[in-house]
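Residue-level structure breakdown
Listed below, chain by chain, are the residues.
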Amino acid sequence: MGVLKRRAFSIWPPFRRSCTALFTTKPQSTVSSLRALCSVTEFQKEAFRQAVLNTLERRLFYIPSFKIYGGIAGLYDYGPPGCAVKANVLAFWRQHFVLEENMLEVDCPCVTPEIVLKASGHVDKFTDLMVNDEKSGICYRADHLLKDYCTDKLQKDPNLSAEKAANLRHVLAVLDDLSAEETSIGPSGSSPGYMRPETAQGIFVNFKELYYYNGNKLPFAAAQIGQAFRNEISPRQGLLRVREFTLAEIEHFLDPEDKSHPKFSEILNLEVFMFPRKDQVSGLSARIITIGEAVSQGIVNNESLGYFIGRVYLFLTRLGIDKGCLRFRQHLANEMAHYAADCWDAEIECSYGWIECVGIADRSAYDLRAHADKSGVPLVAYEKYPEPREVEKLVIVPSKKQLGLAFKGNQKIVAEALEPCPYYDEGYGGKRSYGAESNFGSRGEAKFCICTLDKEVIIKKDMLSISKEKKKEHQRLFTPSVIEPSFGIGRIIYCLYEHLFYTRASKDGDEQLNVFRFPPLVAPIKCTVFPLVQNQQYEEVAKRIAKSLTTVGISHKIDITGTSIGKRYARTDELGVPFAITVDSAPSVTLRERDSRQQIRVNVDEVASVVKELTDGVSKWPHILLRYPTHSSRPAVTGV
């Protein structure tokens, strides 16, 4: 907490510290280093980014898909270390959220019927304008092209007038206000469908079953990890903007009249960088604030939303995201999704700027109501009253004769739609029905939206009768609200790569060596085992240690090549392996920590359990140093 308070929010993130190192050769004091950080140029950022990307591709973290055919924009293949990093991130996500929060995990199909995405609003509302370059034939998203133009002018045009600059900033601010990848299910093509743009809808349409599975109790959360698809017009920025990607999403269902959270006190005093809507509009910067203060001051809408902001913060920082490069930005009014009551993005700064990696939204009851309307299936929860309550209800009796004359074959559908649905809460169905009654009084007719017909119809007063009656109820039926944290796993992983990459001089100082400082939680390989020299006895010991590591569940790599130990260390440092065991005798071995390059001596039969302690987070390296003798005589080889 203290570190956060002392740091300026504008301090450059790890990529800036790293790219400064790429262009400096002498050690710098803290003050001079900070000055260097603030003067990093676009050229230096690009050079740093290329150093990271070249290392990632060379070491097969990820590569363009179908590379031998020239690749396809927006599609990437994860290689062995990339797969391992991704698996480790997802495993920790399950532990941190699904297990610790006792969530219900589901797995739904990627192909989604059109009717589901029509109900959710995606078909009609999630579309982007496209422009085509008539000379090159390249397509661009119109808003991205406009954003790039405005940003480029503001950053690079020294002759830009104040009036023109203000106009460009205004365009950026209102960009989202300026005014489909389709397939079919089955061979006939009669059931149109889409590759899903998110995993959330699979959870919403299964709410009724999940609510029953959970004992008909709220609140509860359902979670899903899976592939999602966006037909990106102009994919770019590597893993940050792709056409197929992995989402990890949570839908936390709760009573709209009680959005408190039973574990809110656990994150109450957590300090995070927050960028409220009001501060953005006023031209202010993000600021440190506790989650408790944000909720109590009304900056964050409710406790449950605040709780998940805190949990997302803890998740990202434990993975290795730099705290000073993580902020939570509230959506402006013109960028709010059609369903959101309040929405915050966890944004991570990298060489591309601030990147949205997690969205945390209060989706209100939009999705469940929309699917209930479209399907005719009630998606509701109930609260039992201690004592029966007397309430006033509307009674609508349709006139079958008049409806038959007006709507013929659709008479039954219209009649059912006109009856007040008993499963709607008063704030939804009640208000709509009372409004209709007042319209009848003044005009003699009223418009009704018949969702099952997907159109509005005009109902005249003689087509039905409306009355009120009092009755006793034993429970309250309502549509739950939803808090949704949605994680873009690929974006998080890319930002991790930049935040955890650095270079350091070899022992001889004649070259810069690449290092990924992955925490053991994320590292693709936890440990390597090296016989110091090619020797049958050492190789047998190495194989014995490797078997012990396998037994305790530690991913490892054994290297019995004759390459110098220094070069083997350098190779595994570049993969981000945190620990290396060197077999240089039979009874004991050396254990090396990647970032400090310190080594200790551990008995052969004990070393696997020591590595297990370190990778599970039971012990930290400084504590291990106190328990075992150090090994100070490092081999005089380049790169150790």
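Going by the structure above, here's the rest.
Residues numbered from 1 in each chain as written. Predicted model: local features only at pLDDT ≥ 70, side-chain atom pairs only at ≥ 80, totals over all residues. Heavy atoms only, no water.

1. Describing the overall build of the protein chain
The secondary structure content of the protein chain amounts to 23 helices and 27 strands. For the protein chain, with 640 residues in total, the buried portion stands at 48%. (Helix = DSSP H or I, 4+ residues; strand = E, 2+ residues; numbered from the N terminus. Buried < 20%, exposed > 50% of the residue type's maximum accessible area, 1.4 Å probe, protein only.)

2. Remarks on the sheet that holds strand E23 (residues 527–531)
Sheet architecture is open: five strands sit in the order E24-E23-E25-E26-E27, paired in mixed fashion. The sheet is open, and its two borders are formed by strand E24 (556–558) and strand E27 (599–603), each paired with just one other strand. Direction aside, the axes of adjacent strands within the sheet are offset by 25° on average. Docked against the sheet, helix H20 (residues 536–551) engages E23, E24, strand E25 (579–583) and strand E26 (588–593), running at close to 165° with respect to E23. Contacts from helix H21 (residues 565–575) reach E23, E25, E26 and E27 within the one sheet, and its direction differs from that of E23 by about 165°. (Pairing = 2+ DSSP bridges. Axes fitted to C-alpha atoms, helices over the stretch in contact; angles between N-to-C directions. Contact = heavy atoms within 4.5 Å.)

3. Regarding unusual backbone geometry
In this chain, Leu218 is followed by Pro219 through a cis amide linkage whose omega measures -5°. Relative to the helices and strands, Pro219 resides in the loop between helix H11 (207–213) and strand E9 (220–229). For Phe66, which is not glycine, the phi torsion reads 55° and is therefore positive. At Asn102, a residue that is not glycine, the phi angle is positive and equals roughly 55°. With respect to the helices, strands and loops of the structure, Asn102 is situated in the loop between helix H5 (80–99) and strand E3 (104–105).

4. Some thoughts on the pairing of strand E22 (residues 512–516)
Burial runs high along E22: four of the five residues are buried. Bridge count between strand E21 (residues 501–505) and E22: five bridges; the pairing is antiparallel. Paired with Arg504 across the two strands is Leu513, which belongs to E22. In sequence, E21 turns back onto E22 through a hairpin of six residues, with Gly509 there showing a positive phi of about 75°.

5. Here's the deal with the sheet that holds strand E11 (residues 271–275)
Spatial ordering of the open sheet is given by E3-E9-E10-E20-E15-E14-E13-E11-E12, a layout of nine strands whose pairing is mixed. Looking at the sheet topology across the chains shown, the edges are occupied by E3 and strand E12 (287–290). Contacts from helix H14 (residues 303–319) reach strand E10 (244–254), E11, strand E13 (326–330), strand E14 (342–350), strand E15 (353–364) and strand E20 (481–488), with the element oriented near 150° to E15.

6. Some remarks on the nonpolar core
Trp93, Phe315, Leu316, Phe328, Phe487 and Tyr497 are the most contacted members of the largest nonpolar core, which totals 71 residues. The element that contributes the greatest number of residues to this core is H14, accounting for nine residues. Apart from the residues within four sequence positions on either side, Tyr497 is in contact with Val52, Leu56, Phe61, Tyr62, Gly82, Val85, Phe516 and Phe518. With 24 residues, the next largest nonpolar core counts Val529, Tyr538, Val583 and Val604 among its residues. (Core = buried A, V, L, I, M, F, W, Y, C linked by side-chain atoms within 4.5 Å.)

7. Quick word on the environment of Gly444
Turning to its location among the elements, Gly444 is positioned in the loop between helix H18 (426–443) and strand E17 (445–450). Take Gly444: its relative accessible area is 27%, and that puts it in the partly exposed class.

8. Regarding the pattern of salt bridges
Per the counting criterion, the structure on display carries 29 salt bridges. Residue Lys45 is joined to Glu42 by a salt bridge in which the shortest nitrogen-to-oxygen separation is 3.0 Å. You can see Lys45 and its partner Glu42 sitting in helix H4 (residues 42–58), three residues apart, about one turn around the helix. One salt-bridge network, in which partners are shared between bridges, spans Glu100, Glu101, Lys263 and Arg311. (Salt bridge = Lys/Arg side-chain N within 4 Å of Asp/Glu carboxyl O.)

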